[in-house]
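Coordinate analysis (summary)
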Amino acid sequence: MASTTSLPSLLDSMKAQAPSWEQIKRGPLFILTNYSNVLMFLFFVGAGLWQTKRKRDEAKKVPQHSALPAPDFPTVTELEKFDLNTTEPLKLRPFKPKYHVSMDGDTALETLDPNDLLVMDKNYQPRITHRRRIIEQSAAIAIGVNDDKRIRPAVCELYTFLTGTYLPLRYPSMFRVHHTEYEYGKACVLQNLVTGEMLPTSATGSSTPTFALLRTLGRHLDEDLLLLLPETNAQGGVVKKDAKYVLEAYVACCPSGFNPAEKLGKKLRDIHGPVPGYAAKLEGSMDRFFAKLEHGKYVKRANWSVSMDGELFQPGLGTTHAHEGEELREFTGELDPDKTFVRCERQTLHRLPRSKALVFGIKTYLYPLRKIKEEGLGEELAAAIDGLKEGNVPEMHFYKRGGEWGTAVKKYLRS
């Protein structure tokens, strides 16, 4: 049976819900106050929902693994079909029948595709193991910062571009960007997929020391990096006319015949002081080229020498280069073609767009002598060794320590 409500009960219910006489006297004020509270509550709920939706939409616009934009740098594209485990090291064979000290040196300067600024190969893991050992044991030689205040913007600029943009775009199978959001803001980190390590992608505004930024690059890249700026005058201002470039910072785990710490803060002419013929035949053209190199233009070249031990870290005297007054002893033992190497450097140069610093990059390769001969290049290298004495600076044969290994190496190559 359906329930029914008596008239007296209905009237009692309506009376209970009716406003009191005091509320009625207040009239519109009572109604307005209650509606205002409701509207304010709805406003804050709506604002919170909108903020949540906005953050979600922004997250959709920025893919989780997207690289940081770098509009001032050339566009970077992925290296297609790259496989770290199967990619062989580059084959550099910069041998000339006569060696002339010039801007071209062992090989002519060539335009470099900015995409190829850094090259990776299957030796990456053993190489960064080597570099980390050198940084741990010889940090005072391997890393240097001269005028921190002056060079820091350039180091930060290079660091941010390489870690935030270049590496994840060029080699996505090796490096991946992760975007995260903490309580106090957004953050972006780079994961080295080979080692599993995470590192920050931005150095600008951070408290990380400049030395530490270079250390991180040295631990993750098989590339020595040297940063140069034009000299300053007595008042601290940049010299505008005919400025000479000064080495202001570096990370170098594969120096060849020089101690980079001793070159820090020096001009190009002083850095190359021991090189035969540099002052007479190369200094002027080098200074002009460095001063005129424009942002966006990347160049490369290669050189060669011979190493009897295959050690990559060769700073100072008695290593890959001989210096005036040093006595060379000819090698007369049994040459091991698997432990004697042609040492080549792939050298690159470009200018950073904001700081205007020059970045000189060096990647070192070691090729066993046996491999050179098996490629059919034995006579070509032997002729190049003879050609060290036949160029415009015959002293180059001594400088490259040809008097030690020349006879034994040529005998093997021509056998």
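A brief structural summary. Fair warning: this is a prediction, and the values are worked out from it, not measured in the lab.

Let us look at the overall build of the protein. Along its length, the protein carries 15 helices and ten strands. Of all intrachain contacts in the protein linking residues separated by at least 6 positions in sequence, the fraction that spans at least 24 positions is 75%. Of the roughly 22500 Å² of accessible surface on the protein, 55% is carried by carbon and sulfur atoms.

By the bridge criterion, three bridges tie strand 4 (residues 185–192) to strand 5 (residues 198–200) in an arrangement that is antiparallel. Of the residues in strand 5, the one forming a bridge with Gln 191 is Met 198. Taking the residues between adjacent antiparallel strands as the criterion, strand 4 and strand 5 are bridged by five residues, where Gly 196 takes a positive phi near 85°.

A few words now on unusual backbone geometry. With a phi angle near 55°, Lys 81 is a residue other than glycine that sits in the positive phi range. If you trace the backbone, Lys 81 turns up in the loop between helix 3 (28–61) and strand 1 (110–111). Classification of Lys 81 by relative accessible area gives exposed; the value is 84%.

A few words now on the packing of helix 13 (residues 378–387) against helix 15 (residues 402–413). Where helix 13 contacts helix 15, the two axes come as close as 9 Å, and the packing angle between them is 155°. By the angle class used here, helix 13 and helix 15 are roughly antiparallel. Once helix 13 is placed against helix 15, the crossing between them reads as left-handed. On helix 15, the residues touching Gly 378, Leu 381, Ala 382, Ile 385 and Asp 386 of helix 13 are Trp 405, Gly 406, Val 409, Lys 410 and Leu 413. Here the residues of the contact of helix 13 with helix 15 are counted per class, giving six nonpolar, two polar and two charged.

So, about empty space enclosed by the protein. Inspection of every chain in the model, using the stated rule, returns five cavities of 30 Å³ or more. Here the largest cavity defines a volume of roughly 940 Å³. If you go around the largest cavity, you meet 42 residues; those closest to its centre are His 272, Arg 301, Asn 303, Gln 347 and Phe 360. Secondary-structure elements contributing two or more residues to the lining of the largest cavity are strand 6 (224–230), helix 9 (268–271), helix 11 (283–292), strand 8 (299–307), strand 9 (341–351), strand 10 (358–368) and helix 14 (396–399). Within the lining of the largest cavity, the residues separate by chemical class into 24 nonpolar, eleven polar and seven charged. Computed from the structure, the second largest cavity encloses a volume of approximately 50 Å³. In terms of lining, the second largest cavity is formed by Leu 117, Leu 118, Leu 158, Leu 162, Glu 223, Leu 225, Thr 348, His 350, Val 359 and Gly 361.

Examined against the element boundaries, Thr 407 turns out to sit in helix 15. Note on Thr 407: relative accessible area 49%, which makes it partly exposed. Within the structure, the side chain of Thr 407 is placed 3.0 Å from the side chain of Glu 330, a separation counted as a polar contact.

Once that is clear, we can look at the pairing of strand 7 (residues 245–251). Summarising burial for strand 7: seven of the seven residues are buried, a large majority. Sheet analysis places strand 2 (residues 143–145) next to strand 7, joined by three bridges and oriented antiparallel. Its bridge partner lying in strand 7, Ile 143 is registered against Val 251. Bridge count between strand 6 and strand 7: six bridges; the pairing is antiparallel.

With that settled, the discussion passes to the packing of aromatic side chains. Per the stated rule, a full pass over the model turns up seven aromatic pairs. Consider the rings of Tyr 365 and Tyr 367, whose centres lie 6.1 Å apart with planes at 5°: the pair is stacked. A single burial state applies to Tyr 365 and to Tyr 367, both of which are buried. Cation over ring: Arg 93 sits above Tyr 367, and NZ or CZ is 4.2 Å from the ring centre. Looking at Lys 373, its charged tip hangs above the ring of Tyr 412, at a distance of 4.4 Å from the centre.

All right, on to the side chain of Thr 319 then. Mapping Thr 319 onto the fold places it in the loop between strand 8 and strand 9. Overall, Thr 319 belongs to the buried group, its relative accessible area being 17%. A polar atom in the side chain of Thr 319 sits 3.4 Å from the backbone oxygen of Gln 314. Setting aside anything within four residues of it in sequence, one finds Thr 319 in contact with Gly 257, Gln 314 and Arg 401.

Inspection of the secondary structure assignment puts Arg 329 in the loop between strand 8 and strand 9. It is 9.4 Å that separates the C-alpha atoms of Arg 329 and Arg 401, two residues lying 72 residues apart in sequence. Apart from the residues within four sequence positions on either side, Arg 329 is in contact with Gly 403 and Glu 404.

The next subject is the sheet that holds strand 6. The strand order across the open sheet built from seven strands is 1-8-9-10-6-7-2, with neighbouring strands paired in antiparallel fashion. Strands at the two margins of the open sheet, each flanked by one partner only, are strand 1 and strand 2. For strand 9 and strand 10, the ladder comprises eleven bridges, and the chain directions are antiparallel. Bridging across to strand 10, Thr 348 finds its partner in Gly 361. Relative to strand 6, helix 6 (residues 148–170) is tilted by about 135°, and along the sheet it contacts strand 2, strand 6, strand 7 and strand 10.

Here helix 4 (residues 124–137) crosses helix 7 (residues 210–220) at 145°, and the two axes come no closer than 7 Å. Listed contacts from helix 7 to Tyr 124, Ile 128, Arg 131, Arg 132 and Ile 135 of helix 4 are Arg 215, Gly 218, Arg 219 and His 220. Among the residues forming the contact of helix 4 with helix 7, the class breakdown is three nonpolar, two polar and four charged.

Calculation rules
Residues numbered from 1 in each chain as written. Predicted model: local features only at pLDDT ≥ 70, side-chain atom pairs only at ≥ 80, totals over all residues. Heavy atoms only, no water. Helix = DSSP H or I, 4+ residues; strand = E, 2+ residues; numbered from the N terminus. Contact = heavy atoms within 4.5 Å. Areas by Shrake-Rupley, 256 points an atom, 1.4 Å probe, with all protein chains shown as cover. Pairing = 2+ DSSP bridges. Buried < 20%, exposed > 50% of the residue type's maximum accessible area, 1.4 Å probe, protein only. Axes fitted to C-alpha atoms, helices over the stretch in contact; angles between N-to-C directions. Parallel < 35°, antiparallel > 145°, perpendicular 65-115°, else oblique. Left-handed = near helix turned anticlockwise from the far one by under 90°. Nonpolar A, V, L, I, M, F, W, Y, C, P; charged D, E, K, R; others polar. 1 Å grid on protein atoms, 1.4 Å probe; cavity = no way out; pocket = protein on both sides within 12 Å on 5 of 7 lines; lining within 4 Å. Points joined across faces, edges and corners; volume = space filled by probe spheres on them. Polar contact = N/O pair within 3.5 Å; in protein donor to acceptor, adjacent residues only side chain to side chain. Phe/Tyr/Trp six-rings, centres within 6.5 Å; stacked < 30°, edge-to-face > 60°. Lys NZ or Arg CZ within 6 Å of the ring centre and 35° of its normal.

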